[in-house]
There are 2 protein chains.
Amino acid sequence: MQKEVSQAVIKRLPRYYRYLEHLRNNGISKVSSGKIAEMLDITASQVRQDFANFGGFGQQGYGYDVEKLLKEFSSIIGLDCNHNLIIIGAGNMGRALSGYTGFESDGFAVKALFDIEDREPVNGIPVLAIDKLEDYLLKNDIDIAVITTQGNIAHEIACLVVELGVKSIWNFAPVDLEVSSDVVVENISMSESLYILSYKTKQSRLLKESLTD
Amino acid sequence: MQKEVSQAVIKRLPRYYRYLEHLRNNGISKVSSGKIAEMLDITASQVRQDFANFGGFGQQGYGYDVEKLLKEFSSIIGLDCNHNLIIIGAGNMGRALSGYTGFESDGFAVKALFDIEDREPVNGIPVLAIDKLEDYLLKNDIDIAVITTQGNIAHEIACLVVELGVKSIWNFAPVDLEVSSDVVVENISMSESLYILSYKTKQSRLLKESLTD
């Protein structure tokens, strides 16, 4: 049985992947744990410990094979298979996401957007009335529901898609979704991030003012 | 001198604010640390410890005054003053952010977008050529630069705005920006979040398959 992987390690997976992709794109075929550590601003021993969670990936003495490691991480993250997404909420954020070409190359395909009523397609993707959602989910194999609605209806929408069998939610609404524990939820909280930026900006200004007084 | 506030507390500030706003909007004028704790899924003692970082906010025995607490948090986060933003990169994400009305009510105003060349205004906001950025920043008081460019030029853009006096960066590009320590950077990493969602989705599916075998 695979051992439980810590949240800290999970959070580093995308960064490993991104760095390895960068190396591959620059024609580099071998990399040491020390070099990876340097790029991620952690220790080489941490890198080796992280890798041990997934079997270790072979001879560190000679350095890791970039192409092989990239394939391993691609499989670990699940980028080796296709994911079908729907976006619920065809406002600015939903439309922006539907046109975000970065997803496609990683195997994430936006299949439909949903809004209050049928609308013109966006970026070639159909925009359907929300009352067609149930029928749509019965007929189509959707892995991930992206919620970009206002906060006040996000929870209701989440419950609905979960009831209809969707097991993963990417939540952009500014609320904490409470769904059953077998549903995976990842949040992108724009306003929280902006508030933290605002707080730190104010602190930094106050500090500067106190130093120049 | 104010004591150093931990990252964990800073991360909770937006959640306190959001919850207090919710209470105020629902006409609730008093709230206990216990109730706040419940909503944030932490302990009441943690709430009181967090509040102690900012002076405590008065009599907990009678519960906190919601309106007063909201004003305190508004000031702590810096929402009691206006912030001028520019967005660099007028692609899908930049355009979506420029039209995000949620910011305005919190005092964040998008003043201009920048792209390779002058374009039609978006949501009533001018889109200027990037070579006008220097002149623009000399003539306008901008607090926050939002970077929504491709990863490969994000670092160069960050260095440029910092050189021109901007002290806060909201980074949507999938790279780690290395800027001087007096510059505040907050990252929104869409692809990292999606990769983590993908990883957890795969794990959850593998677990289910192993249980049904």
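Residues numbered from 1 in each chain as written. Chains lettered and ligands numbered in written order. Predicted model: local features only at pLDDT ≥ 70, side-chain atom pairs only at ≥ 80, totals over all residues. Heavy atoms only, no water.

Enquirer: An account of the overall build of chain A is requested, with residue identities and associated values reported.
Expert: The secondary structure content of chain A amounts to eight helices and nine strands. Summarising its shape, the C-alpha atoms of chain A cover approximately 60 × 60 × 35 Å along the three principal directions. Nonlocal contacts in chain A, meaning residues at least 24 apart in sequence, comprise 55% of its contacts between residues at least 6 apart. Looking at chain A as shown, the accessible area adds up to about 10,900 Å², and 48% of this sits on carbon and sulfur atoms. Averaging the locations of the 21 positively and 29 negatively charged side chains of chain A gives two centres separated by 9 Å. (Helix = DSSP H or I, 4+ residues; strand = E, 2+ residues; numbered from the N terminus. Contact = heavy atoms within 4.5 Å. Areas by Shrake-Rupley, 256 points an atom, 1.4 Å probe, with all protein chains shown as cover. Lys, Arg positive; Asp, Glu negative; His and termini not counted. Charge placed at Lys NZ, Arg CZ, Asp CG, Glu CD.)

Enquirer: Tell me about the pairing of strand 4 (residues 108–115) of chain A, and please be specific about residues and values.
Expert: Residues and elements named next belong to chain A. Counting buried positions over the eight residues of strand 4 gives six, a clear majority of the element. Here strand 3 (residues 83–88) pairs with strand 4 via six bridges, running parallel. Bridge pairing in strand 4 places isoleucine 86 opposite alanine 112. Since strand 3 and strand 4 lie parallel, the crossover through helix 5 (residues 92–98) that links them has a hand, and here it is right-handed. (Buried < 20%, exposed > 50% of the residue type's maximum accessible area, 1.4 Å probe, protein only. Pairing = 2+ DSSP bridges. Right-handed = clockwise from strand over helix to strand, strands pointing away.)

Enquirer: With reference to specific residues and values, describe the interface of chain A and chain B.
Expert: Opposite the 60 residues of chain A that make contact, chain B presents 60 residues. Summed over both partners, the interface of chain A with chain B buries about 5,500 Å², with 62% contributed by carbon and sulfur atoms. At the boundary of chain A with chain B, the tally comes to ten salt bridges. With a shortest N-O distance of 3.5 Å, B:Arg18 and A:Asp176 are connected by a salt bridge. Applying the counting rule to chain A against chain B returns 28 residue pairs in polar contact (both at pLDDT 80 or more). Looking at the side of chain A that touches chain B, the elements that each hand over two or more residues are helix 1 (7–25), helix 4 (66–77), helix 5, strand 8 (168–171), strand 9 (184–187) and helix 8 (190–212) of chain A. Considering every element that reaches the side of chain A that touches chain B, the biggest residue donor is helix 8 of chain A, with 16 residues. In terms of residue class, the side of chain A that touches chain B is built from 31 nonpolar, 15 polar and 14 charged. (Buried area = accessible area lost by both parts, 1.4 Å probe. Salt bridge = Lys/Arg side-chain N within 4 Å of Asp/Glu carboxyl O. Polar contact = N/O pair within 3.5 Å; in protein donor to acceptor, adjacent residues only side chain to side chain. Nonpolar A, V, L, I, M, F, W, Y, C, P; charged D, E, K, R; others polar.)

Enquirer: If you had to explain the packing of helix 1 (residues 7–25) of chain B against helix 2 (residues 33–40) of chain B to someone new, which residues and values would you point to?
Expert: Residue and element names in this part refer to chain B. In the contact formed by helix 1 and helix 2, the axes pass within 11 Å of each other and the chain directions differ by 115°. Judged by the angle between their axes, helix 1 and helix 2 are roughly perpendicular. In this structure, the crossing between helix 1 and helix 2 has a hand that is right-handed. Contacts from Arg12, Arg15, Tyr16 and Tyr19 of helix 1 reach helix 2 at Lys35, Ile36, Met39 and Leu40. The residue inventory of the contact of helix 1 with helix 2, partitioned by class, reads five nonpolar, no polar and three charged. (Axes fitted to C-alpha atoms, helices over the stretch in contact; angles between N-to-C directions. Parallel < 35°, antiparallel > 145°, perpendicular 65-115°, else oblique. Left-handed = near helix turned anticlockwise from the far one by under 90°.)

Enquirer: Give me the lowdown on the environment of B:Lys71, citing residues and values where you can.
Expert: All names here are of chain B. Structurally, lysine 71 can be placed in helix 4 (residues 66–77). By relative accessible area, lysine 71 is classed as exposed at 62%. With 50 residues separating them along the chain, lysine 71 and glutamate 21 place their C-alpha atoms 10.0 Å apart.

Enquirer: Which residues make up the pattern of salt bridges, and what values do they have?
Expert: By the definition in use, this model includes 27 salt bridges over all chains. For B:Asp115, the salt bridge identified is with B:Arg119, shortest N-O distance 3.4 Å. For B:Asp115, a relative accessible area of 15% corresponds to the buried category. Overlapping salt bridges bring together A:Arg15, A:Arg18, B:Asp176 and B:Glu192 as one network.

Enquirer: Give a detailed account of the relation of the copies chain A and chain B, specifying residues and quantitative values.
Expert: When chain A is fitted to chain B, the best match, at an RMSD of 0.0 Å, comes from turning it 180° and sliding it 0.0 Å along the axis. Such a turn and shift between the copies fits a two-fold axis. If distances are taken from each C-alpha of chain A to the rotation axis, the shortest is found for A:Ala96, at 3.0 Å. When the interface residues of chain A are mapped onto chain B, 100% of them again fall at the interface, so both copies present the same face. (Least-squares fit on C-alpha atoms with pLDDT ≥ 70 in both.)

Enquirer: Account for the nonpolar core, with residues named and values stated.
Expert: Formed by 98 residues in total, the largest nonpolar core has its most connected members in A:Ile36, A:Phe73, A:Trp170, B:Ile36, B:Phe73 and B:Trp170. Not counting residues up to four positions away in its chain, the partners in contact with B:Ile36 are B:Tyr16, B:Tyr19, B:Val31, B:Val47, B:Phe51, B:Tyr64 and B:Leu69. Grouped together as the second largest cluster of nonpolar side chains are 22 residues, B:Tyr136, B:Ala154, B:Val161 and B:Ile169 included. (Core = buried A, V, L, I, M, F, W, Y, C linked by side-chain atoms within 4.5 Å.)

Enquirer: Please provide a residue-by-residue account of the confidence of the model for chain A, values included.
Expert: Scored by pLDDT, chain A has a mean of 91; 97% of the residues are at 70 or more. Note on the complex model: pTM 0.85, ipTM 0.91. (pLDDT = per-residue confidence, 0-100.)

Enquirer: Which residues make up the sheet that holds strand 9 of chain A, and what values do they have?
Expert: Reading across from one edge, 5-6-4-3-7-8-9 (chain A) is the order of the seven strands in this open sheet, with mixed pairing throughout. For this open sheet the edge positions go to strand 5 (119–122) and strand 9 of chain A, each flanked by a neighbour on one side alone. With strand direction ignored, the average angle separating the axes of adjacent strands in the sheet is 25°. Relative to strand 9 of chain A, strand 8 of chain A is paired through four bridges, and the arrangement is parallel. Residue pairing for strand 9 of chain A: A:Ser168 is matched across the bridge by A:Val184. On the sheet, helix 7 (residues 151–163) of chain A packs against strand 3, strand 7 (144–147) and strand 8 of chain A and is oriented at approximately 170° with respect to strand 7 of chain A. Strand contacts of helix 8 (residues 190–212) of chain B: strand 3, strand 4, strand 7, strand 8 and strand 9 of chain A, with the helix running at about 170° to strand 9 of chain A, the strand carrying the most contacts.

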